[in-house]
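Summary of structural features
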Amino acid sequence: MKNEALISAAKTHGSPLYIYDADQIKANYEQFTEAFKVEKLKVHYACKALNNQAVLKLFKSLGAGLDCVSIQEVQLGLKAGFQAKDILFTPNNISTEEYEEAITLGVKINIDNLYTLEYFGMNHPDIPVYIRINPHLMAGGNHHISVGHIDSKFGISIHQLPNIERIVQKLNIHVTGIHVHTGSDILDADVFIKAAELLFSVVERFHTVTHIDFGSGFKVAYRPEDLHTDIDAFGKKFSEAFNDFCEKQKKTYTLEFEPGKYVVSNAGYFITKSNLIKQTTSCTFVGLDTGFNHLIRPMFYNAYHHIENLSNPAGEKKVYNVVGYVCETDSFALDRIISEVRKGDLLVFKNAGAYCATMASNYNSRPRPAEVMIVEGKDYLIKRRETLEDLMRTQMEVEINY
């Protein structure tokens, strides 16, 4: 997206501001779906990455289903117009009450522990379910986002397959899908191939399975020089393995994926303004009108976001520590080379479409930013900036004698 469009949106809607490029999201989704040459393909967008209603409706218009990890995400998906049959509910460590609500809503349910599998078999034997397998593969760009290793809380261990079979046979459970997810920021396609080989061996044990879900985790480029998953090459290689399995089984399975970051990350931009430039004995700080309350990934994951000065792109290159206004350590970037930053300059964080706005908070009693969608050059306000009144809305005025 051109800098002029970002500056124009910031002038109209203020900063800090999240901006999403609808055209880029469409291009990402179409490239992803076209990469796989299989008879049946279903893509569920992982809405935890970015769950604004405008974004959900965009994915619905593209023909995607929805991957949800909470009952609230399910409700948001239904509100956006998704049909229950197109929503896959893949929670973790939730109550039976939340499962019961999901059953009432009619969505597809993915089970990741033996206790819940038994619960469904004894209480809802007529409901088809997916089973999430933990393959014990260490994968992902950060230990926080590697979820398929042996110590992960996610999924049922591949070594507990005999227990799964026993419960399924004893309680006559209809297993319609087998699911695996190894982590995020995976570059090597062979990791997926290894997961596929394991999952195929599981699928062979359940004749009722018709859907095989490989989650997601494809790597995107955060730095200009970063490597990323070549989805076209991956799709070709993976399709061959999947089609070979279908032919071996003499059965047509539906191949499923749940991309989130891959389809929205590079379509997002976070616009901020420099409040001050502070020179110390060791470094120069750029203090912004935001903090980790709005963009937590650098502090939480040590994640890199490329930063550019929109107001002075041709300025002399200087080295800065870019920090926020939260009242504790609040660093976005250390020793980062950026075109000279002046008070009031607009800076943009790239790749701010995934796990940025959805992870924002009201820490330090700061309102969360507005969000804008740009469609064919026109910007639409899709979430207004919060106010103090919004922060106070759920607090009760009560008379307490202290």
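Right above here is the structure, for reference.
I will try to describe carefully the structure that is included in this document.

**Brief notes about the overall build of the protein chain**
Each helix and strand in the protein chain was counted, giving 12 helices and 18 strands. Along the first, second and third principal axes, the C-alpha set of the protein chain runs to 70 × 65 × 40 Å. Per-residue burial for the protein chain yields a buried fraction of 54% across its 402 residues. Of all intrachain contacts in the protein chain linking residues separated by at least 6 positions in sequence, the fraction that spans at least 24 positions is 68%. With an accessible surface of roughly 18700 Å², the protein chain has 50% of that area assigned to carbon and sulfur atoms. Of the charged side chains in the protein chain, 42 are positive and 49 negative; the average position of the first set lies 2 Å away from that of the second.

**Points about the pattern of salt bridges**
Any two side chains of opposite charge can pair, given that their charged atoms come close. The full count for this structure, using the stated rule, is 12 salt bridges. The salt bridge involving K350 is made with E308; its shortest N-O contact spans 3.3 Å. Here the residue K350 occupies a position in the loop between β16 (346–349) and β17 (370–375), and E308 occupies one in strand β13 (residues 307–309), the gap between them amounting to 42 residues. The closest approach of N and O atoms between D390 and R384, which form a salt bridge, is 2.7 Å. When salt bridges that share partners are traced, they join K42, K85 and D86 into one network.

**Describing the packing of helix α6 (residues 114–123) against helix α7 (residues 161–171)**
Packing of α6 against α7 brings their axes to within 9 Å, and their N-to-C directions diverge by 10 degrees. Between α6 and α7, the interaxial angle falls into the category roughly parallel. Mapping the contact onto sequence places L114, L117, E118, G121 and M122 in α6 and N163, I164, I167, V168 and L171 in α7.

**Quick word on the packing of aromatic side chains**
This model, assessed by the stated rule, comprises 29 aromatic pairs. Ring plane angle 85 degrees and centroid distance 5.6 Å describe the contact between Y99 and F120, whose orientation is recorded as edge-to-face. Taken together, the residues span a long stretch of sequence, with Y99 in helix α5 (residues 96–105) and F120 in helix α6 at a distance of 21 residues. F120 matches Y99 in its accessibility class, with the two residues each being buried. Connected via pairs of aromatic rings, a cluster forms that spans F32, F36, F200, F214, F218, F234, F238, F242, F245, Y253, F257 and Y262. The ring of Y325 has R366 lying over it, and the distance from NZ or CZ to the ring centre is 3.9 Å. The lysine or arginine in question, K378, covers the ring of Y380, its NZ or CZ lying 5.4 Å from the ring centre.

**So, unusual backbone geometry**
The linkage connecting S15 with the following residue, P16, adopts the cis geometry, with an omega of -5 degrees. With a phi close to 55 degrees, Y355 is a non-glycine residue in the positive phi region. Position of Y355 among the secondary structure elements: in the loop between β16 and β17. For S365, which is not a glycine, the phi torsion comes out positive at approximately 60 degrees. Structurally, S365 is set in the loop between β16 and β17.

**Topic: helix α2 (residues 22–34)**
Given 3.6 residues per turn, any residue in an α-helix points the same way as the ones three and four places further on. Taking 1.5 Å per residue as the helical rise, α2 with its 13 residues ought to reach 18 Å, and the 18 Å between its terminal C-alpha atoms agrees with that figure. Looking only at α2, the buried set comprises A22, I25, N28, Y29 and F32. In a view along the axis of α2, the buried residues occupy a sector of 125 degrees, so they form one face of it. The opening residue of α2, the one whose side-chain oxygen lies 3.0 Å from the backbone nitrogen of D23, is D21.

**Focus on the environment of I87**
Summarising the element assignment, I87 is placed in strand β4 (residues 87–89). Residue I87 is classed as buried on the basis of its relative accessible area, which comes to 0%. Sequence-wise, I87 and I173 are 86 residues apart; in three dimensions their C-alpha atoms are separated by 20 Å. Setting aside residues up to four positions removed in sequence, I87 forms contacts with L66, C68, V74, G77, L78, F82, V107 and K108.

**Details of α6**
Regarding α6, the residues found buried are L114, T116, L117, Y119, F120 and G121. The secondary structure elements touched by the buried residues of α6 are α5, β5 (108–111), β6 (129–134), β7 (156–157) and α7. N-cap assignment for α6: the residue whose side-chain oxygen lies 3.3 Å from the backbone N of Y115 is N113.

**Overview of the side chain of D345**
Tracing the backbone through its elements, the reader meets D345 in the loop between β15 (331–339) and β16. Within polar-contact distance, the side chain of D345 engages the side chain of N309 at 3.1 Å. Reaching out from D345, the side chain makes a polar contact with the backbone nitrogen of R342 at a distance of 2.9 Å. D345 has contacts with T272, K273, S274, N309, S311, N312 and E340, leaving out every residue within four places of it along the chain.

**Observations concerning the nonpolar core**
Membership of the largest hydrophobic core comes to 101 residues, with the highest contact counts inside it found for Y45, F59, I164, I178, F214 and F238. The biggest single contributor to this core is helix α8 (residues 189–203), with eight residues. Once residues within four sequence positions are removed from consideration, Y45 is found in contact with L50, V55, L56, F59, G65, L66, D67, P259, G260, V263 and V264. Counting residues in each nonpolar core, the second largest holds 13 residues, with L6, A9, V348 and V372 among its members.

**What about a negative patch on the surface?**
Residues E30, E34, D230 and D232 make up a contiguous surface patch of negative charge. The topology assignment puts E34 in helix α2.

What counts as what
Residues numbered from 1 in each chain as written. Predicted model: local features only at pLDDT ≥ 70, side-chain atom pairs only at ≥ 80, totals over all residues. Heavy atoms only, no water. Helix = DSSP H or I, 4+ residues; strand = E, 2+ residues; numbered from the N terminus. Buried < 20%, exposed > 50% of the residue type's maximum accessible area, 1.4 Å probe, protein only. Contact = heavy atoms within 4.5 Å. Areas by Shrake-Rupley, 256 points an atom, 1.4 Å probe, with all protein chains shown as cover. Lys, Arg positive; Asp, Glu negative; His and termini not counted. Charge placed at Lys NZ, Arg CZ, Asp CG, Glu CD. Salt bridge = Lys/Arg side-chain N within 4 Å of Asp/Glu carboxyl O. Axes fitted to C-alpha atoms, helices over the stretch in contact; angles between N-to-C directions. Parallel < 35°, antiparallel > 145°, perpendicular 65-115°, else oblique. Phe/Tyr/Trp six-rings, centres within 6.5 Å; stacked < 30°, edge-to-face > 60°. Lys NZ or Arg CZ within 6 Å of the ring centre and 35° of its normal. Expected span 1.5 Å × (residues − 1). Arc of directions from axis to C-beta. Polar contact = N/O pair within 3.5 Å; in protein donor to acceptor, adjacent residues only side chain to side chain. Core = buried A, V, L, I, M, F, W, Y, C linked by side-chain atoms within 4.5 Å. Patch = residues over 30% accessible without salt bridge, like charges linked within 9 Å, V, L, I, M, F, W, Y side chains within 5 Å.

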